[in-house]
Every structure is written in structure tokens, then in C-alpha cells.
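Each chain, written out:
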Amino acid sequence: MTGINIRQLSPVGKSAAGMLPQPQHAKNQQHRHNSQLVSHTLTTDAPSEPCSTTPKAAPASQWNDPTLDLITPGLVDSYNRTACDLRLSVTDRCNLRCEYCLPEEHTNWIHRDNVLTLPDYARLIRIALRLGVTDVRITGGEPLLRRDLEAIISTVHDAFIERTMTPRIAMTTNAIGLDKRLDGLINAGLERINISLDSLDPARYAALAKRDRLASVMRTLAAIRDSQLWPVKLNTVIIDETSLKEIPQLITFALVNGFQWRAIEYMPIGPLARTAQWRPTSADIMSTIHQHFDIEPVATRASAPAQRWKVRESSDHPGGIIGVISSMTTPFCSSCDRTRVSADGKVYSCLFSLAFTDLKSALRSGASDLEIAELWKGAMFNKPAGHKILAPLPLSATMSHIGG
Ligand code: SAM
């Protein structure tokens, strides 16, 4: 492999086996949470708490306790799963054309009049929190394409604070140009980040993403290690033999630089859906990992998508955490706690579902918060038992539209 040297980002220092290095927090940033009702200290890899422990009520009289207007039951489905993890898409546009995600010839874009606006998000998030949502992940398309992304995150953050809940706001991004917006996003309330990184080889990256943008991602990775966004996860879709071969370099790169790395098993959504049967599975991924690293399993909460392993320190790298998301071969549907809203305000109960419920029309036609909440509950009640029965989707369905 040529191109980006894994030592190009200087290591954050050797750590004891299995322990991720601590990030240096930004020197000049006064994180807005410090002055808010709650302060949220991130630990290296603590799984988030399950739905049932939140929202956290502040000591308050029964007259101003915001948890009193919780809408119960919340987003419960017919199999008794409760959704508390909101995937909130802010755009279906992307500046990459990853061959497995968004084809060059895609034309079925959401019309700009139908894309949710800041006031739409402000209202939706307040309804979501009343319905028991405790975690929000901003996604897309590429969220950084929204110029008002900082304002959206700030609105989501304020909604958590209004309810005296601990804000848990994360984002999934390709990180292109993120280095220039880090301070603004963190100041708005962004706390955690997953970065998609399919290759460390500029030529391979450009071939997969159809855009030569790896250098920009690397600038973000260099900048992010001194930020408060920690731990940072690097996500790699394992698409073929070349991806499998690059796993050792990707893991070593992540460990040396203090990131957590996760492999994503290919899912039959998007332009390559019909080729799923010959794509690598998590068994192939694990076999490659075992050949190169000394690992032991780490306890993971049931609804977490990734099975996690602790990699032991070696002479080549410090210890750290890695994960494998086996959505197809070991689906976590029975404990799925997600609800998804696309950039045009449609609720999807499952990434693989073509069925949706349109909240935007209700939002913009005078429906009350309770009416919208009822629509959302109805959409989630019909969540399918598992996604395998739904896949593969028609080739026109893209992750970028629903919000991956
Ligand atoms: N643009 C952002 C990014 O690149 O992370 C967020 C949206 S993207 C759709 C979210 C994630 O979905 C990315 O990690 C991407 O690699 C993954 N993804 C897209 N299509 C996929 C597929 N068919 N199978 C597995 N993962 C896929």
C-alpha cells in the first residue's frame, strides 16, 4: 500500500495494554456544557445507558418538573422494543459517491422545499424527547453539507437542557472539511463522532468514494485528537478482498493515534445490493483480525451495533478497542432501540424498511405536538421483527436518503 503513512499523525503516546490514550482537551475551548445545567464527562468507551434510566429529572417541584409531560408509552413497538435512539438525518446530499452507497447517476434527491428546516428540527426534537428519546445521532447524506448544522445541533442541545436531560448528541460524518468546523460544532453541543474511513490509501479511497478527498479527512483526524470529541470511532465498510487486506493497517493506524476502529459488514442497501452474497462477512473480518492481533472480547450492551474487542499492546501499537458491526450475519434487531427521521421528515422504524410515516406534512399543516407524537408512535409500533425479511431493497433505496 502506498500513500498515507500510518505514522503521519504522531502517536498520542504509548499506553498500558488495552487502555486508550487520553485526549488532550482543547486548550482554548470553553465548552458550553460547563455553564449549563449538566456537565457530561465522557469516559473512554463506556456504553450509553439504556433508555429506561433517562430522562433525568432535576430536583424540582411537581409543577415545573419537565418529565411530567412525557408522552407514555413512548416509541414502543408490537414486539415490546422501545426506541430511544434517534437517527436524525439533516440532508440526503453527499460530497462523496461511495460505490456501495450513493451512485453517480442518482437523481432522486429530496426537493429543497421538503428538507426539514431549523424550526422543523426545533419542534421535532422537543416531541422526540417527550416520547422518550435519550440519544440523538445526526446523520445524512453528509451532515457537514448543511451550513446551519451548528444551529441544528445547538437547537437539539437546548431541547435536552430544557428538559434537564443530559445531552447525548453524536454525528456520523465523512469528516471532509470538519477540521474547520470543529470548534463551532463542539460549542453547539456535539459530543461524539463517528468518521467513515474506508481506506488509508489515497488511490483506493478515491476509487471507492469517486472523489480524491483523503487528505481532507486526514487533516480532520489530526485536528480532532486535541478536541473534546472523544473517543472518536473510525468506521470502515468491508466491501471486498482489498478492504479485508487493509484491516491490519487500519487497526494499527487507529491504535497508534488513539481512535477506536470498527468494521461494518456490507449491507444490501444501495447500488451494489444484489452483490451482497459474495461480499465479506464478519467471519472473514474476524479471521483477518485474529491473524494479526491479540484480542479479547469486551462486554457490550445488547442494543449496541458493534461487538467489541480489546486489542493487546504490541511492539507495533498500543492497546485499544475495536469493534465489528455484523448487521447481516448477527443482526441486533431483537434489541434495536432506534427510530429514524429522514431529511424530509419521514419516520422509518428500520433502516431496511420502505414504509414510512410523513411527519413533515403534519408539522407544516398545523397539527398539534400530540398529534405528531401519535403519528410517530404509530410508525414505530409497526416496526418489523427483523430486517432480514426486508432485504435486499430495490436498488433505488439508498442509505443516504433514510440516513445511515
Ligand atoms: N456521510 C456520512 C458518513 O460518511 O459517515 C453519514 C451517512 S453514511 C450513509 C453512514 C454510514 O453508512 C457510512 O459509514 C457508510 O459507509 C455506511 N454505509 C452506506 N452504505 C452502506 C452499505 N450498503 N453497507 C454498509 N454500510 C453502508
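None of these values were measured; they are calculated from a predicted model.

Scanning all chains against the criterion turns up three aromatic pairs. Between the aromatic rings of Trp230 and Phe259, the centroid separation amounts to 6.0 Å while the plane-to-plane angle is 40°, which identifies the pairing as tilted. You can see Trp230 sitting in the loop between helix H5 (214–224) and strand S5 (232–238) and its partner Phe259 sitting in the loop between helix H6 (241–257) and strand S6 (260–265), a full 29 residues away along the chain. Judged by its relative accessible area of 0%, Phe259 falls in the buried class. Through successive ring pairs, a cluster of aromatic residues spans Trp230, Phe253 and Phe259. The residue whose ring lies beneath Arg279 is Tyr266, and the NZ or CZ to ring-centre distance is 5.6 Å. Seen from the ring of Phe356, Lys346 lies directly overhead, with NZ or CZ sitting 4.5 Å from the centre.

We now examine the site of the ligand. The immediate surroundings of the ligand are formed by 18 residues, with Tyr100, Gly141, Glu142, Ser196 and Met267 found nearest. Interatomic distance of 3.0 Å between a backbone N/O atom of Ile269 and a nitrogen atom of the ligand. Compared with its free state, where it exposes 550 Å², the ligand has 94% of that area covered by protein. Elements that contribute at least two residues to the shell around the ligand include exactly strand S3 (169–173) and S6. Of the residues assigned to the shell around the ligand, the class counts are eight nonpolar, eight polar and two charged.

Further remarks concern the confidence of the model for the protein chain. Of all residues in the protein chain, 81% have pLDDT values of 70 or greater, and the mean over the chain is 85. Taken together, the stretch residues 1–48 has pLDDT below 50 and engages in 121 contacts with residues farther than four places along the chain or on a different chain. Contacts for the low-pLDDT stretch residues 53–63, under 50 throughout, to residues beyond four places or in other chains number 17 contacts.

Attention shifts here to the side chain of Ser349. Secondary-structure assignment places Ser349 in the loop between strand S11 (346–348) and strand S12 (357–358). On the basis of relative accessible area, Ser349 is assigned to the buried category, the value being 8%. Sequence-distant contacts of Ser349, that is, excluding residues within four places in its chain, are made with Arg338, Ala379, Met380, Lys383 and Pro384.

All right, on to the side chain of Asp240 then. Its location among the elements puts Asp240 in the loop between S5 and H6. Side chain to side chain, Asp240 and Arg204 meet in a polar contact 2.8 Å long. Of note is the side chain of Asp240, whose polar atom sits 3.0 Å from the backbone nitrogen of Ser243. Filtering out sequence-adjacent residues up to four positions away, Asp240 remains in contact with Arg204, Arg279 and Pro280.

For the rest of this paragraph, the subject is the environment of Ser282. Here Ser282 shows up in helix H7 (residues 282–292). For the pair Ser282 and Ile264, spaced 18 residues apart in the sequence, the C-alpha separation amounts to 8.2 Å. A polar contact of 3.3 Å, which involves the side chain of Ser282, links it to the side chain of Ser326.

Relative to the elements of secondary structure, Glu142 occurs in the loop between strand S2 (135–139) and helix H2 (149–162). Placed 46 residues apart in sequence, Glu142 and Leu96 show a C-alpha to C-alpha distance of 8.5 Å. In this structure Glu142 touches Thr91, Arg93, Cys94, Asn95, Thr173 and Asn174, once residues within four positions along its chain are discounted.

To continue, consider helix H4 (residues 202–209). Every buried residue belonging to H4 is among Arg204, Tyr205, Leu208 and Ala209, and all of these are buried. With its buried residues spanning 115° around the axis, H4 presents them on a single face. The secondary structure elements touched by the buried residues of H4 are H5 and H6. The opening residue of H4 is Asp201, an N-cap whose side-chain oxygen sits 3.0 Å from the backbone nitrogen of Ala203. Where H4 ends, the next residue or the one after it, Lys210, has phi of about 60°, a positive value.

Rules of the game
- Residues numbered from 1 in each chain as written.
- Predicted model: local features only at pLDDT ≥ 70, side-chain atom pairs only at ≥ 80, totals over all residues.
- Heavy atoms only, no water.
- Phe/Tyr/Trp six-rings, centres within 6.5 Å; stacked < 30°, edge-to-face > 60°.
- Helix = DSSP H or I, 4+ residues; strand = E, 2+ residues; numbered from the N terminus.
- Buried < 20%, exposed > 50% of the residue type's maximum accessible area, 1.4 Å probe, protein only.
- Lys NZ or Arg CZ within 6 Å of the ring centre and 35° of its normal.
- Near = heavy atom within 4 Å.
- Polar contact = N/O pair within 3.5 Å; in protein donor to acceptor, adjacent residues only side chain to side chain.
- Areas by Shrake-Rupley, 256 points an atom, 1.4 Å probe, with all protein chains shown as cover.
- Nonpolar A, V, L, I, M, F, W, Y, C, P; charged D, E, K, R; others polar.
- pLDDT = per-residue confidence, 0-100.
- Contact = heavy atoms within 4.5 Å.
- Arc of directions from axis to C-beta.

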